[in-house]
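# Chains, contacts and geometry: an overview
Letter by letter, the chains look like this.
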Amino acid sequence: MADVLPTIVLPRVITKRAQARLAVVVAALLLGACSKSSQPASGAERVAQVTVVTLQAQSVALKKELPGRATAYAIAEVRPQVGGILKRRVFREGADVKAGDLLYEIDPALYRAAAGNARAALAKADASLVAAKLKAQRYAQLVQSGVISKQDNDDVVALLGQAEADVTAAKAAVDTADINLSYTRISAPISGRIGKSNVTAGALLTANQTIALATIQQLDPINVDVTETSAEILRLRRELLSGALRTDRKHIKVNLILDDGSPYAMTGTLQFADVTVDERTSSVTVRAEFPNPTHEILPGMYVRAVVESGVQQNVLLVPQQAVTHDPTGAALAWVLTPAGIVEQRRLTIERSVGNDWLVSAGLQAGEQVVVEGAQKVKAGDKAKAVTAVVSTSTAAKS
């Protein structure tokens, strides 16, 4: 401002009237210089720049992350079916076994003797049957000639039937003895990994005892049980019936996140949802099946399953950074109209999809939503749009 003021040469003697006139002139020069410096360089009105993203309707694969636990595909508790002294244990604890492999052997001496006794009884019954048949044949001839009475012949026929029944019972006793003898060799009922043995050689075992000898678990494939609220299942069912959500119910894919946060390499499939709602939690159990060739997933392990709910058509995704909330919790967003005017909209948000919000009301396809610079404008202001490079996610967690 000092450069604008002219140089004023004052006389040596100045009257009071001249001093007053000089003060007025200096004040006018100062005001003029300040007004010149405060004016903008150009006469055009300044317009704020805002970064916007243009909304486009798209199809979104909705996913939901649910907590769950891994469970064995099949579990078999090994128990003896006959009693006796355990003679030996054949398997190695923690090893993989196949169905039919020998696990334990009970002392078979008593059962071998019982089988021999049953066979002897069968031989005796066979001999009695032969004698009864011959006698019945002779009596049949004698009764025709009238040598014996009809009553005697009927008694012989009854004895023949009894002999045949005795043979049948003896054969059943032999089968039972053979089965009990085979039960002294305890085999694996399923293929899988066997755990620790609860008994050692010399232990006294009883048939169908409460304590299992060992447990076999099939780990490949393996099941993952997750829980979903009944309200969410009802909502998904309504969306499927209305056509708003589409899915292939026979091949619903499921991804897995392990307890340490790392993703599981293989993809599973949804098997079924339970038909009963837990009264305590109002949730339903959903089971998925995963291949597990390396036994990376173990029963009881905590996991998170990412389930594909389906594909929703013609939806709008808005970046989360473009949405704010008022004190009541209502979602708000700034929109730049085609005339370049900024206005505020109230939104209806259904869920999050990755880094975006899925908006069901408040916006239309083709509108420009402000993602940066909203703090520089207010409703009714003019603004200049700068297109943002925003990648809206089409498949993410719900």
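Everything numeric here is computed off the predicted structure, so don't read it as measured data.

When helices and strands are counted, the protein shows four helices and 21 strands. In the protein, which comprises 398 residues, the proportion classed as buried is 32%. Carbon together with sulfur atoms contributes 54% to the accessible area of the protein, which is approximately 24,200 Å² in total.

Here the focus is the pairing of strand 16 (residues 331-336). Burial within strand 16 is extensive, with six of its six residues counted as buried. Both faces of strand 16 are covered, namely the face carrying A331, A333 and V335 and the face carrying L332, W334 and L336. Alignment of strand 15 (residues 323-325) against strand 16, held across three bridges, turns out to be antiparallel. Bridged to T324 within strand 16 is L332.

Taking 1.5 Å per residue, 33 residues should reach 48 Å; helix 3 (residues 150-182) reaches 49 Å between its end C-alpha atoms and fits that length. Considering only its buried residues, helix 3 is in contact with helix 2 (109-145).

With that settled, the discussion passes to the sheet that holds strand 8 (residues 204-205). Sheet architecture is open: four strands sit in the order 6-5-3-8, paired in antiparallel fashion. Sheet topology places strand 6 (185-187) and strand 8 at the edges, where each strand pairs with a single neighbour.

Applying the stated criterion across every chain yields a total of two aromatic pairs. When the ring of F91 is compared with that of Y104, the centres are 5.3 Å apart and the planes differ by 85°; the resulting orientation is edge-to-face. Of the two residues, F91 is situated in the loop between strand 3 (84-89) and strand 4 (96-97) and Y104 in strand 5 (residues 102-106); the sequence distance between them amounts to 13 residues. An identical accessibility class is assigned to F91 and Y104; each is buried. Ring geometry for Y264 versus F290: centroids 6.3 Å apart, planes at 75°, classification edge-to-face. Of this pair, Y264 sits in the loop between strand 11 (253-257) and strand 12 (268-273) while F290 sits in strand 13 (residues 283-290), and the two are 26 residues apart along the sequence. Sitting over the ring of F91, R89 keeps its end group 5.3 Å from the ring centre.

This next bit is on the environment of L332. By the secondary structure assignment, L332 is in strand 16. The exposure class assigned to L332 is buried, which follows from its relative accessible area of 12%. For the pair L332 and R346, spaced 14 residues apart in sequence, the C-alpha separation works out to 4.7 Å. With residues up to four places along the chain from it excluded, the contact list for L332 reads A322, V323, T324, D326, Q344, R345, R346 and L347.

Let us look at helix 2. Given a rise of 1.5 Å per residue, 37 residues ought to cover 54 Å, and the 55 Å separating the end C-alpha atoms of helix 2 matches this to within 8%. Listed in full, the buried residues belonging to helix 2 are Y111, A115, A118, L122, A125, L129, A132 and A136. If you follow the buried residues of helix 2, they end up packed against helix 3. Phi turns positive, to about 80°, at G146, one or two residues after helix 2.

Our next topic: the pairing of strand 17 (residues 342-353). Here strand 16 runs beside strand 17; their pairing, made up of six bridges, is antiparallel. Its bridge partner lying in strand 17, A333 is registered against R345. In terms of strand pairing, strand 17 meets strand 18 (residues 356-361) through five bridges, oriented antiparallel. In the strand pairing of strand 18, S352 is matched with W357. Hairpin connection, strand 17 to strand 18: the antiparallel pair is bridged by two residues, and G354 has positive phi, about 65°.

Right, let's talk about the packing of helix 2 against helix 3 for a bit. Look at helix 2 against helix 3: their axes get within 8 Å of each other, and the N-to-C directions meet at 160°. Judged on the interaxial angle alone, helix 3 and helix 2 are roughly antiparallel. Our pair here, helix 2 against helix 3, has a crossing hand that is left-handed. Split by residue class, the contact of helix 2 with helix 3 holds 23 nonpolar, three polar and 11 charged.

Following the criterion strictly, the structure yields 11 salt bridges and no others. R345 serves as the salt-bridge partner of E343, at 2.8 Å between the closest nitrogen and oxygen. E343 sits in the partly exposed class, given a relative accessible area of 28%. Through salt bridges with shared partners, a single network forms among E343, R345 and E367.

A few words on the confidence of the model for the protein. Averaged over all residues, the pLDDT of the protein equals 82, while 82% of them reach at least 70. In this model residues 33-44 is a low-confidence stretch, pLDDT under 50, and it forms three contacts with partners more than four residues away in sequence or in other chains. Long-range and interchain partners of residues 390-398, a stretch whose pLDDT sits below 50, account for 29 contacts in this model, where long-range means more than four residues apart.

Turning next to the side chain of T51. Considering the arrangement of structural elements, one finds T51 in strand 1 (residues 48-54). If we ignore the near neighbours within four places in the chain, the residues touching T51 are V369, V370, V371, E372, V386, T387 and A388.

The rules behind the values
- Residue positions are counted from 1 within each chain, in the order its sequence is given.
- Local features in a predicted model are, by the rule used here, given only for residues with pLDDT of at least 70; side-chain atom pairs are given and counted only at 80 or more, and totals for whole chains, interfaces and linings are based on all residues.
- Only hydrogens and water are set aside; all other atoms, that is, all heavy atoms of the structure, feed into the side-chain values.
- Per the convention used, a helix needs a DSSP run of H or I reaching at least four residues, while a strand needs a run of E reaching at least two, with both numbered from the N terminus.
- Only protein chains enter the calculation, and the probe is 1.4 Å; a residue is then buried if its accessible area is under 20% of its type maximum, exposed if over 50%, and partly exposed in between.
- Each accessible area value is a Shrake-Rupley result obtained with a 1.4 Å probe; residue values ignore everything except the protein chains displayed when judging cover.
- DSSP calls a pair of strands paired once it identifies at least 2 bridges connecting them.
- Expected span, for any helix, means 1.5 Å times one less than how many residues it has.
- Contact definition: two residues touch when any of their heavy atoms are within 4.5 Å.
- Pairs were defined over the aromatic rings of Phe, Tyr and Trp, the Trp ring being its six-membered one, requiring ring centres within 6.5 Å. Orientation was assigned from the angle between planes: stacked under 30 degrees, edge-to-face over 60, tilted for the rest.
- Working rule: Lys NZ or Arg CZ, within 6 Å of ring centre, within 35 degrees of ring normal, means a charge sits over the ring.
- To obtain an axis, a line is fitted to C-alpha atoms, over the contacting stretch when the element is a helix, and the angle between two such axes runs from 0 to 180 degrees between their N-to-C directions.
- For classification purposes, an angle smaller than 35 degrees is called roughly parallel, one larger than 145 roughly antiparallel, one from 65 to 115 roughly perpendicular, and anything else oblique.
- Two helices crossing with the near one rotated counterclockwise from the far one by less than a right angle form a left-handed crossing, whereas a clockwise rotation gives a right-handed crossing.
- Each residue gets one of three labels, nonpolar for Ala, Val, Leu, Ile, Met, Phe, Trp, Tyr, Cys and Pro, charged for Asp, Glu, Lys and Arg, and polar for the others, Gly among them.
- A pair is scored as a salt bridge if a Lys or Arg side-chain nitrogen falls within 4 Å of a carboxyl oxygen belonging to Asp or Glu.
- As a per-residue quantity, pLDDT reports the predictor's confidence and falls between 0 and 100.

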